[in-house]
Amino acid sequence: MSDVRRRPEQVGSGRYPAVAILLHWTIAALIIAQVVLAGRMEGPRSPETFAVVQLHKSIGVTVLLLTLARIAWRLINPPPPMPKTMPHWQRVLAGATHVGFYVIMLGMPLTGWIMSSTSALARPFILYGVVPWFNIPGLRGMEALHDGAETGHSWLIKVFYVLIALHVAGALKHQFFSRNEPVLARMAPGAMAGRILEPRLLLIVLGVAGVIAAARFLPPPDPGFRPAPATVSPAAPPEPAEASGPHEEAAGRDLGPQQSPQP
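Residues numbered from 1 in each chain as written. Predicted model: local features only at pLDDT ≥ 70, side-chain atom pairs only at ≥ 80, totals over all residues. Heavy atoms only, no water.

Identification of the protein as Cytochrome b561 bacterial/Ni-hydrogenase domain-containing protein from Phenylobacterium deserti is taken from an unreviewed UniProt entry. Check the Cofactor (unreviewed entry) section of the UniProt entry for the protein; it says "heme b". Of the comments in the UniProt record for the protein, the one headed Sequence similarities (unreviewed entry) reads "Belongs to the cytochrome b561 family." (UniProt positions renumbered as here; feature names shortened; annotations may be inferred.)

Here it is, written out as structure tokens:
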């Protein structure tokens, strides 16, 4: 989009439009919540753990949909140029980091969805206990694909930690040591580079802390269905239990042998 079509306060300011800013912070908050919820998924099998897993899946689908919306918006509304005072290598590194984040925002939900869809059970789930969602057709029982998706999911988590460290370090460097490069103001309009007690930066820190606390301590919503108590048929011996890892339920496998709608 040309400068003529942008709002006057955006022309030459280097800030993103309001829609891009909203998508940025919403997706960031959801990803932070996902990291915290992943830790809660590793607890003992219980109705609460089951609900946490379903919430993790719901947020993953939400991140995927919002990322697609963000890409569409970015194609229609190109981002503002980086400050001209930034060295070339920093621009290249920033661009590579942004590409990496898009790979993460698409790859992690997709690999999680594949893990769920390739489960032998491959049960559909309900987003936030309200909206029915579906598995990818034709993937049920494909163990090799499941294992590959699980490996990819784990590696993407590691890459995410590296990217977020680079992203935060770069933002803080420009905020505190590069007064002529107001990078934070691109996503936090009005932020002043060089100001130690920048109110918008403090608000971001408080927001991150709030998301972490909510994801760690708040009870998950009702998933809309639950695993039924285990039953063993008297006509046949029980099948041996399958080994499961910390992300097994994220792949759609059981926290209980069956699920039944809530009464």
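Okay, a nonpolar patch on the surface next. Together, Val35, Tyr161, Ile164, Val168 and Leu172 make up a nonpolar patch on the protein surface, roughly 380 Å² of accessible area in all. Per element, the largest residue contribution to the nonpolar patch is four residues, and it comes from helix 4 (residues 143–177). Among the secondary structure elements, leucine 172 is positioned in helix 4. (Patch = residues over 30% accessible without salt bridge, like charges linked within 9 Å, V, L, I, M, F, W, Y side chains within 5 Å. Areas by Shrake-Rupley, 256 points an atom, 1.4 Å probe, with all protein chains shown as cover. Salt bridge = Lys/Arg side-chain N within 4 Å of Asp/Glu carboxyl O. Helix = DSSP H or I, 4+ residues; strand = E, 2+ residues; numbered from the N terminus.)

What follows is about the packing of aromatic side chains. A full pass over the atoms with the stated rule returns four aromatic pairs. Centre to centre, the rings of tryptophan 113 and tryptophan 133 are 5.7 Å apart; their planes meet at 45 degrees, and the pair counts as tilted. Here the residue tryptophan 113 occupies a position in helix 3 (residues 88–117), and tryptophan 133 occupies one in the loop between strand 2 (131–132) and helix 4, the gap between them amounting to 20 residues. In this structure, tryptophan 113 and tryptophan 133 share a single accessibility class: buried. Joined through ring pairs, the aromatic side chains of Trp113, Trp133 and Phe134 make up one cluster. Sitting over the ring of tryptophan 155, lysine 158 keeps its end group 5.5 Å from the ring centre. (Phe/Tyr/Trp six-rings, centres within 6.5 Å; stacked < 30°, edge-to-face > 60°. Buried < 20%, exposed > 50% of the residue type's maximum accessible area, 1.4 Å probe, protein only. Lys NZ or Arg CZ within 6 Å of the ring centre and 35° of its normal.)

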